[in-house]
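Inside the fold
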Amino acid sequence: MALQMKHLLGLEDASREDISAILDSAVSFKEVLSRPIPKVPTLRHVTVVNLFFENSTRTRMSFELAEKRLSADVLNFSASASSVQKGETLIDTLKNIEAMKVDMVVIRHPMPGAPLLLTQHCSSVVLNAGDGPHEHPTQALLDMMTLREVFGTFEGLRVTLVGDIAHSRVALSNIYGLLTMGAKVAVCGPPTLIPRHLENLGVTVYHDLDRAIAHSDVLNVLRIQLERQKAGLFPSIREYRETYGVTPARLGKGSKDMVIMHPGPMNRGVEIDPAVADGPQSVILQQVTNGVAVRMAALYLLSGERDAME
Amino acid sequence: MRWSKDQGPDILNERGWRVTKTGKVLLLNAHLIDPGIDLDDTGSVLIERGKITGVGDIPKQEQEGADVIDMTGIIVCPGLFDMHVHLREPGQENKETIFTGTTAAAAGGFTAVACMPNTDPALDNVGVIRWIYDMAAGGPVDVHPIAAVTRNREGEILSDIADLYSAGVRALSDDGDPLRSSEVMRRALEYCKMNDLVISTHSEDKALASNGVMREGEASTKLGLAPWPSMAEAVMVARDVLLAGYTGGRLHVGHISSRESIEMVRWAKRQGYNVTCEATPHHFALNDEACASYSSHFKMNPPLGTEDDRLAVLDGLRDGTIDAIATDHAPHTVEEKLREFSLAPNGVIGLETAVGVAAKVLVEQNRFDWSMLIQRMAVAPRAIMRLPEAQLKKGAVANLSFIDTSQGWTVDPEAFFSKGRNTPFAGWDLPARPAGICNRGWMMTHPDVAGRWTR
């Protein structure tokens, strides 16, 4: 099973076949994770470097765990974006890594397009772990894996992303991936947090959370960052919570089957009420578990290793 | 490095350019175009010691002793003038110098450039303006420094404008940094009236542009790049045309890029305001979708517009709302442009590709005639800056450009004379190429033309 893509830069151009292959493979790896010894020798000859140009505890841990569960040799590189801006250029960093002969690079970078730049200057396989507000394909894939576990299919599934769409690193990948797999995607948030012409991508735009809830099977609630308020994009956290916070009252009685997701980290009591985050409709921790499985699948399928899984 | 008095620089000679003092030269069977005097014909031009001594059919006896260049298939026209370039000197000689920039201009078919004052120190006083003239002396390209409107381009206190005028300055700009204060803009427009100076603007409302790096639209949404709305330009153009109308001052909108801004200029012209504007080849040749490569060679300010904006630029050029074509030639080092899109500096180079790109997009794809193109690239810029006309007629100073329409070429950034490599047109096949210039007593011709010389 080989993927059509050579790198996992995003889901915009990912085929249905590739997405299905990663999700299918992730199911097998999830089984591995439940074994007494949750480890396979699949990437035993493979060296992976995790290049993190901004903080991301969860994604970095999830990738590192996935790599270790696959028996890869793992290197970690962290640099704050500000120090990178002042010192060594990204290209220089990449050339150094290239010279060390690593096979695969996982990159998180605040600048859109940085993973693509990497593919142009080094021969390693590249996995995008988030390039600013552009794509974060493994997050979308783990969201999709979770949805497939719950619903069995994407066909006709109505998924709404709620909150700061414009600055979210997960929105675009979710939109592309879900649309490719046949789901219906909507977004809901204040107009100042929804980028222009987003509807041209084939998504419905709501500004009224109640209407969005009435037309959704799933809410994927995105983190709202305080600095957006400081930038004048919405008046106050209080008003945001009142208008777009997902609470039990908001969900109401008519939506018992509504599934609630959140890519984390959560602002409890702001965009999501603790009773919702921890409630029976929440699949938030299932998302985290699936994150490791999906990343194992992506690493395996992109590695070119053809060893049978044991 | 500078041009010497009597021989062309090694950098040109080594690459097969023929660079000589004019002496007596006959340009034989050229395509003669001068929109300023309604000339579009086949004929010859006789040049003697920097002056045009004959146009059309040159009698045999007058040809005697002349070097003859067979110009079949080559346009000879008034010298092209790029009224918006960054020569970077003084201060950023690692990006470009007056020598490399003017050599690139000459190779690109330009006999004149106007250089922007965002240097270090800024071009805001007579001393540094004189230094620019001095550095450019001797070469084949006229350099017209555009001085800063305000001291050190800080937008607060006017430069010594009358003094600058006396030194030869014919336009002012705080390019790159718009005049944020409407009051300062108003007073600058008013004050410049006493010398009939034009103010060239970089129209950008910095608050609206915020941290944007590409035009806001569907493409920026898909690419996740911080959006720069067309309104950032248009609201400033609106302000400035109103101030120009109110004061009667002369406004020239630099590198106009959006439909709304062009509409504002069209409206201002209908009111009879003293407003002109220019557009760059990259804004009429490319749109925002080019940013999908995340290559910083598509990053400039103002950013590439949407396809609708691009079509508006073409319409504006066709109906004359956009008076001139200028390149906004903005060289940067390779290292700077290799940065992530959002971190790389704004700007692309254009001197050596402008003629070819204009030929492809305007003449070939959009059926402009060459005469209109030359009007926008040679005649209009001089009129806007109130500079003497360059004319293709007997008795005039020989200030001429040559454009070879008989063969195409492929853009290779490594072959540029500019220090910059940051072109968005690398690899483009272009249908016409600049083939040389004649100006300030120099005659230089492209290597492809070298074989056409006979004694």
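Residues numbered from 1 in each chain as written. Chains lettered and ligands numbered in written order. Predicted model: local features only at pLDDT ≥ 70, side-chain atom pairs only at ≥ 80, totals over all residues. Heavy atoms only, no water.

**Points about the sheet that holds strand β5 (residues 158–162) of chain A**
Residues and elements named next belong to chain A. The strand order across the open sheet built from 5 strands is β7-β6-β5-β8-β9, with neighbouring strands paired in parallel fashion. Of all the strands in the sheet, just β7 (204–206) and β9 (259–261) have a single pairing partner and so form its edges. Across the sheet, the mean angle separating the axes of adjacent strands is 20 degrees when strand polarity is ignored. Relative to β9, strand β8 (residues 218–221) runs parallel, the two being bridged by 3 bridges. By the bridge assignment, Asn220 is partnered in β9 with Met261. (Pairing = 2+ DSSP bridges. Helix = DSSP H or I, 4+ residues; strand = E, 2+ residues; numbered from the N terminus. Axes fitted to C-alpha atoms, helices over the stretch in contact; angles between N-to-C directions.)

**Structural notes on the domain arrangement of chain B**
Residue and element names in this part refer to chain B. With domains assigned, chain B is organised as domain 1 (7–77 + 394–454) and domain 2 (79–384). Centre-to-centre separation of domain 1 and domain 2, based on C-alpha positions: 27 Å. Contact residues are listed per partner, giving 41 residues for domain 1 and 54 residues for domain 2. Carbon and sulfur atoms make up 68% of the area that domain 1 and domain 2 hide from each other, which totals about 3700 Å². (Domains from an automatic or database assignment. Contact = heavy atoms within 4.5 Å. Buried area = accessible area lost by both parts, 1.4 Å probe.)

**Let's talk about the pattern of salt bridges**
Residues and elements named next belong to chain A. With the rule as written, the count across this model stands at 36 salt bridges over all chains. With its nearest N and O atoms 3.0 Å apart, the salt bridge here joins Glu54 to Arg169. Within this pair, whereas Glu54 is found in the loop between β1 (47–52) and α2 (57–69), its partner Arg169 is found in the loop between β5 and α7 (171–180), the two being separated by 115 residues in sequence. For Arg169, a relative accessible area of 24% translates into the label partly exposed. (Salt bridge = Lys/Arg side-chain N within 4 Å of Asp/Glu carboxyl O. Buried < 20%, exposed > 50% of the residue type's maximum accessible area, 1.4 Å probe, protein only.)

**With respect to the packing of helix α6 (residues 182–192) of chain B against helix α9 (residues 230–247) of chain B**
Residues and elements named next belong to chain B. Direction vectors running N to C along α6 and α9 enclose 40 degrees, while the axes themselves pass 9 Å from each other. On the basis of the axis angle, α6 is oblique to α9. Crossing handedness for the pair α6 and α9: right-handed. Here α6 contributes Ser182, Met185, Arg186, Leu189 and Glu190 to the contact with α9, which in turn contributes Arg239, Asp240, Leu243, Ala244, Tyr246 and Thr247. Here the residues of the contact of α6 with α9 sort into 5 nonpolar, 2 polar and 4 charged. (Parallel < 35°, antiparallel > 145°, perpendicular 65-115°, else oblique. Left-handed = near helix turned anticlockwise from the far one by under 90°. Nonpolar A, V, L, I, M, F, W, Y, C, P; charged D, E, K, R; others polar.)

**What about the sheet that holds strand β7 (residues 80–85) of chain B?**
Strand pairing within a sheet occurs via backbone hydrogen bonds; the two strands may be parallel or antiparallel. Residue and element names in this part refer to chain B. Spatial ordering of the open sheet is given by β7-β8-β9, a layout of 3 strands whose pairing is parallel. The two strands at the open ends of the sheet, each matched to only one other strand, are β7 and β9 (142–145). Strand after strand, the sheet turns through a mean of 20 degrees between neighbouring axes, direction not considered. Direction of pairing for β7 relative to strand β8 (residues 110–115): parallel, over a ladder of 4 bridges. Across the sheet, residue Val85 finds its bridge partner in β8, namely Cys115. Lying on the sheet, helix α4 (residues 126–136) is in contact with β8 and β9; it crosses β9 at an angle near 170 degrees. Contacts from helix α15 (residues 370–384) reach β7 and β8, with the element oriented near 55 degrees to β7.

**Observations regarding helix α12 (residues 307–319) of chain B**
Residues and elements named next belong to chain B. Counted at 1.5 Å a residue, the expected span for α12 with its 13 residues is 18 Å, and the 18 Å between its end C-alpha atoms agrees. Listed as buried for α12 are Asp309, Arg310, Ala312, Val313, Leu314, Gly316 and Leu317. Where α12 ends, the next residue or the one after it, Gly320, has phi of about 90 degrees, a positive value. (Expected span 1.5 Å × (residues − 1).)

**A look at the packing of aromatic side chains**
With the rule as written, the count across this model stands at 8 aromatic pairs over all chains. With centroids separated by 5.7 Å and ring planes inclined at 65 degrees, the aromatic side chains of Phe29 of chain A and Tyr300 of chain A adopt a geometry described as edge-to-face. One end of the pair, Phe29 of chain A, is in helix α1 (residues 16–33); the other, Tyr300 of chain A, is in helix α13 (residues 284–303), and 271 residues separate them in sequence. Here the aromatic rings of Phe425 of chain B and Trp428 of chain B are separated by 4.8 Å at their centres, their planes lie at 75 degrees, and the arrangement is edge-to-face. For Trp428 of chain B, a relative accessible area of 22% translates into the label partly exposed. Among the aromatic residues, those joined into a ring-pair cluster are Phe234, Tyr240 and Tyr244 of chain A. Residue placement shows Lys21 of chain B over the ring face of Trp442 of chain B; its charged tip is 4.3 Å from the ring centre. Directly above the ring of Tyr165 of chain B sits Arg170 of chain B, whose terminal nitrogen or CZ lies 4.1 Å from the centroid. (Phe/Tyr/Trp six-rings, centres within 6.5 Å; stacked < 30°, edge-to-face > 60°. Lys NZ or Arg CZ within 6 Å of the ring centre and 35° of its normal.)

**Section: the environment of Ala66 of chain B**
Structurally, Ala66 of chain B can be placed in the loop between α2 (60–63) and β5 (67–70). A sequence separation of 92 residues divides Ala66 of chain B from Leu158 of chain B, and the C-alpha atoms of the two residues are 51 Å apart.

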